[in-house]
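Report on the structure
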Amino acid sequence: MDCKGPIDFETLMEGLLAFFQEGKESVDIEEVITWFNRYESKPEDWAKFAKWDKYKYTRNLMHEGNGNFNLILMCWPEGAVSSIHDHSDSHCFMRVLEGNVKEIRYHWPEEKRNSDGSLVESGAREVGAGGTIYMSDELGLHKVENGSHTNRLCSIHLYSPPFESCKIFDERTTKPTRVPMVFYSKYGEKEDVRKMKSKAGKHNENHQIIIK
């Protein structure tokens, strides 16, 4: 596979389908990061998938891959932030399309806690458009946010293998809660809000839409 120069969205997808054809264990993480970084983002590639909520970020399914991954467009309004969460033993790649993302990582609570019993930060960074973040349970927990109060943030996320739930963590008590994954839209069509709420059950609405 060609390893030089920018690629378009069609080529991006062709490469991802090839990289993940044999499942999680065969994935070369650095190769996938490099491939994502080569993608020359054009709004017309993903505009039809971009569905927004004024108050919280949305998860919009773009592609179900070959059964070994999901590709999701995340739309983050100004100031939107995820819960602290794990990744259910999956790969997580996040390619920033527009805006700047702030990522804060944490140690697993069973490995390290503050003297008051709260989660311990292990690092923080900001990544701008064109950059790719990789995360997995081996690296700990994290949360992601759009730190800007004037600009939106758009990012593509790939999860391999796909999963239907993850755990979110209370920063102060470290208590985990398992929550379902729901999509705000699929393939450019908005999902029925009543079905989303039914799947999420009794969980708080702020936790219905979880970044994996």
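In case you missed it, the structure is sitting above this.
The model shown is predicted, which means the values in this text are computed figures rather than measured ones.

Analysis parameters
- Residues numbered from 1 in each chain as written.
- Predicted model: local features only at pLDDT ≥ 70, side-chain atom pairs only at ≥ 80, totals over all residues.
- Heavy atoms only, no water.
- Core = buried A, V, L, I, M, F, W, Y, C linked by side-chain atoms within 4.5 Å.
- Buried < 20%, exposed > 50% of the residue type's maximum accessible area, 1.4 Å probe, protein only.
- Helix = DSSP H or I, 4+ residues; strand = E, 2+ residues; numbered from the N terminus.
- Contact = heavy atoms within 4.5 Å.
- Axes fitted to C-alpha atoms, helices over the stretch in contact; angles between N-to-C directions.
- Parallel < 35°, antiparallel > 145°, perpendicular 65-115°, else oblique.
- Nonpolar A, V, L, I, M, F, W, Y, C, P; charged D, E, K, R; others polar.
- Pairing = 2+ DSSP bridges.
- Phe/Tyr/Trp six-rings, centres within 6.5 Å; stacked < 30°, edge-to-face > 60°.

Quick notes on the nonpolar core
The biggest cluster of nonpolar side chains holds 27 residues, and the ones touching the most others in it are L16, F20, F36, L71, L73 and F93. Broken down by secondary-structure element, the contributors of at least two residues to this core are α1 (9-19), α2 (29-38), β2 (70-76), β4 (91-98) and β9 (153-160). With residues near it in sequence (within four places) discarded, L16 still touches V32, W35, F36, F69, L71 and L158. Formed by 22 residues, the second largest nonpolar core is a distinct cluster that contains I72, V127, M135 and Y159.

Topic: the environment of N151
Among the secondary structure elements, N151 is positioned in the loop between β8 (141-145) and β9. Along the backbone, N151 and G79 are 72 residues apart, and their C-alpha atoms lie at a distance of 8.7 Å. Excluding anything up to four places from it in sequence, N151 contacts E78 and N146.

Topic: unusual backbone geometry
Between S160 and P161 the backbone carries a cis peptide bond, its omega angle lying at -5°. Relative to the helices and strands, P161 resides in the loop between β9 and β10 (165-169). The backbone of S88 sits at a positive phi, close to 50°, despite the residue not being glycine. Following the sequence through the fold, S88 ends up in the loop between β3 (84-85) and β4. In this structure, D89 takes a positive phi of about 60° despite not being glycine. With respect to the secondary-structure elements, D89 resides in the loop between β3 and β4.

With respect to the environment of S90
Summarising the element assignment, S90 is placed in the loop between β3 and β4. The class of S90 is buried, set by a relative accessible area of 1%. Once the C-alpha coordinates of S90 and M135 are considered, the two residues, 45 residues apart in sequence, prove to be 8.8 Å apart. S90 has contacts with K24, M135, S136, S160, P161 and F163, leaving out every residue within four places of it along the chain.

Section: the packing of α1 against α2
Where α1 contacts α2, the two axes come as close as 10 Å, and the packing angle between them is 170°. In terms of orientation, α1 and α2 fall into the roughly antiparallel class. Every residue of α2 that contacts α1 at T11, L12, G15, L16 and F19 is listed here: E31, V32, W35 and F36. Among the residues forming the contact of α1 with α2, the class breakdown is six nonpolar, two polar and one charged.

A short note on the pairing of strand β1 (residues 58-63)
Within β1, five of the six residues are buried, leaving the element largely enclosed by the surrounding structure. The pairing of β1 with β2 spans five bridges and is classified as antiparallel. Paired with R59 across the bridge in β2 is M74. With two bridges connecting them, β1 and strand β12 (residues 185-186) associate as parallel partners. Looking across to β12, one finds that N60 is bridged to S185.

A look at the packing of aromatic side chains
Tallied over the full model, the rule gives nine aromatic pairs. Plain terms: the ring middles of F9 and Y39 are 6.0 Å apart, the flat faces sit at 65° to each other, and that makes the pair edge-to-face. You can see F9 sitting in helix α1 and its partner Y39 sitting in the loop between α2 and α3 (43-46), a full 30 residues away along the chain. Residue class for F9 comes out buried when judged on its relative accessible area of 17%. Since its relative accessible area comes to 2%, Y39 is described here as buried. Note on Y159 and F163: the rings are 5.9 Å apart at their centroids and 70° apart in plane angle, and the pair reads as edge-to-face. The burial state of Y159 is the same as that of F163; both residues are buried. These aromatic residues form a ring-pair network of at least three members: F20, F36, F69, F93 and Y134.

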